[in-house]
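# Secondary and tertiary structure notes
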Amino acid sequence: VMLAVPLALATATGAAAQIPAPQEASDHSLHAGTYDYAGTNAALDRELTNVGVESVLRDANREADTSCGTPKHAVNHLCFQRGEGDANDQDTANWYPQGVTTVSDAVDDERWGSAKPVLTSWYNKTGEKGARVSFLDPTTRKYRHVLLAIPSGDPGAPNFRAATAQDGTSLHAGGLAWYGHNLYVPDTAGGIRVFSTDHILDLAASEMDMGLKQNGR
């Protein structure tokens, strides 16, 4: 299992206009959250195996195809894997795909190493497992899920938990933007969560047992 660890929580401020009016940037300001994850992130990196985006793509354990048919007016398309049980991403009722972003949003040369990844966010409908992001290489059609996690504990006893909203339900992840080394994920009632691709942790390769299945679910 690989998990991304967030950097901070940004919260939207500014009152909404009571009548329709032209939008002003000053009406929609953001300020950084008060959370300081740096020490706990560093401790998790020491305890667990920290990998990068290229490693996630190289070790992808699922494969997209075109079995779901061609959408109208589509130039190209891929469908999530269909299979049995947890291997069935195409027909699952437990996970709902939400936002999409690509490496073209992240870096100027539109490549991460030799790949051009496409990322999709999902939220867990059962409310137990938070949210995840699928890292897909459209050339190989291989992809892998990465659970989004929030650091907990402290640098002396680091841990993490599933990415949830303020009410404890799964983070909806209703949008997704990749810029530089950060993923920006909207939290419906809590602003924008920021996750770092510099902190992707491979639990299968780590000695610490966090009680999660190795297939990322």
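### Description of the overall build of the chain
Across its full length, the chain holds three helices and twelve strands. Across the 217 residues of the chain, 42% fall into the buried class. A sequence separation of at least 24 residues applies to 61% of the contacts in the chain between residues at least 6 apart. Per element, the accessible surface of the chain, about 11,500 Å² overall, is 49% carbon and sulfur.

### Looking at the state of the cysteines
For the structure shown, the criterion picks out one disulfide. For C68, the disulfide goes to C79, at an S-S distance of 1.8 Å. On the sign convention where negative is left-handed, the bridge of C68 and C79, at about -75° about the S-S bond, is left-handed. Within this pair, whereas C68 is found in the loop between β4 (62-63) and β5 (95-102), its partner C79 is found in the loop between β4 and β5, the two being separated by eleven residues in sequence.

### Some words on the pattern of salt bridges
In this structure the tally under the stated criterion is six salt bridges. A salt bridge links D89 to R62; the nearest nitrogen and oxygen atoms lie 3.1 Å apart. Here D89 is found in the loop between β4 and β5, whereas its partner R62 is found in strand β4, with 27 residues between them in sequence. In this pair, the class of D89 matches that of R62, namely buried. With a closest N to O distance of 3.0 Å, D187 and R193 form a salt bridge. Ionic contacts of the salt-bridge type, sharing partners, join the residues R62, D89 and R132 into one network.

### Details of the packing of aromatic side chains
Enumeration over the complete set of coordinates arrives at four aromatic pairs. With centroids separated by 5.0 Å and ring planes inclined at 35°, the aromatic side chains of W112 and W178 adopt a geometry described as tilted. One end of the pair, W112, is in the loop between α3 (103-106) and β6 (118-124); the other, W178, is in strand β10 (residues 177-179), and 66 residues separate them in sequence. Aromatic rings pair up to connect F80, W122 and Y143 into one cluster. A cation over a ring is seen here: R132 above W95, with NZ or CZ 4.2 Å from the ring centre. One residue, R132, lies across the ring of W122, its end atom 4.4 Å from the ring centre.

### Here we look at the confidence of the model for the chain
In this model, the chain carries a mean pLDDT of 84, and residues with pLDDT of at least 70 account for 86%. The low-confidence segment residues 11-17, where pLDDT is below 50, has 14 contacts with residues more than four positions distant or belonging to other chains. A low-confidence stretch, residues 208-217 stays under pLDDT 50, and its non-local contacts, those more than four residues away or across chains, total 29 contacts.

### Quick look at the environment of V118
Within the element layout of this structure, V118 appears in strand β6. According to the relative accessible area criterion, V118 is partly exposed, its value standing at 23%. The spatial distance from the C-alpha of V118 to the C-alpha of S104 is 8.9 Å, given a sequence separation of 14 residues. Once residues lying within four places of it in the same chain are set aside, the contact partners of V118 are V100, T101, T102, S134, F135, L136 and P138.

### Points about helix α1 (residues 38-47)
Along α1, the residues classified as buried are T40, N41, A43 and L44. For α1, the buried positions fall inside an angular range of 165° around the axis, keeping them on one side. The outward face of α1, more than 90 degrees from its buried face, is lined by the exposed residues A38 and R46.

### Overview of unusual backbone geometry
One non-glycine residue, E110, adopts positive backbone phi at about 60°. Counting through the fold element by element, E110 comes out in the loop between α3 and β6. For E110, a relative accessible area of 33% translates into the label partly exposed. Phi at A173 is positive, roughly 50°, even though this residue is not glycine. By the secondary structure assignment, A173 is in the loop between β9 (157-162) and β10. Since its relative accessible area comes to 0%, A173 is described here as buried.

Definitions and limits used
- Residues numbered from 1 in each chain as written.
- Predicted model: local features only at pLDDT ≥ 70, side-chain atom pairs only at ≥ 80, totals over all residues.
- Heavy atoms only, no water.
- Helix = DSSP H or I, 4+ residues; strand = E, 2+ residues; numbered from the N terminus.
- Buried < 20%, exposed > 50% of the residue type's maximum accessible area, 1.4 Å probe, protein only.
- Contact = heavy atoms within 4.5 Å.
- Areas by Shrake-Rupley, 256 points an atom, 1.4 Å probe, with all protein chains shown as cover.
- Disulfide = S-S within 2.5 Å.
- Salt bridge = Lys/Arg side-chain N within 4 Å of Asp/Glu carboxyl O.
- Phe/Tyr/Trp six-rings, centres within 6.5 Å; stacked < 30°, edge-to-face > 60°.
- Lys NZ or Arg CZ within 6 Å of the ring centre and 35° of its normal.
- pLDDT = per-residue confidence, 0-100.
- Arc of directions from axis to C-beta.

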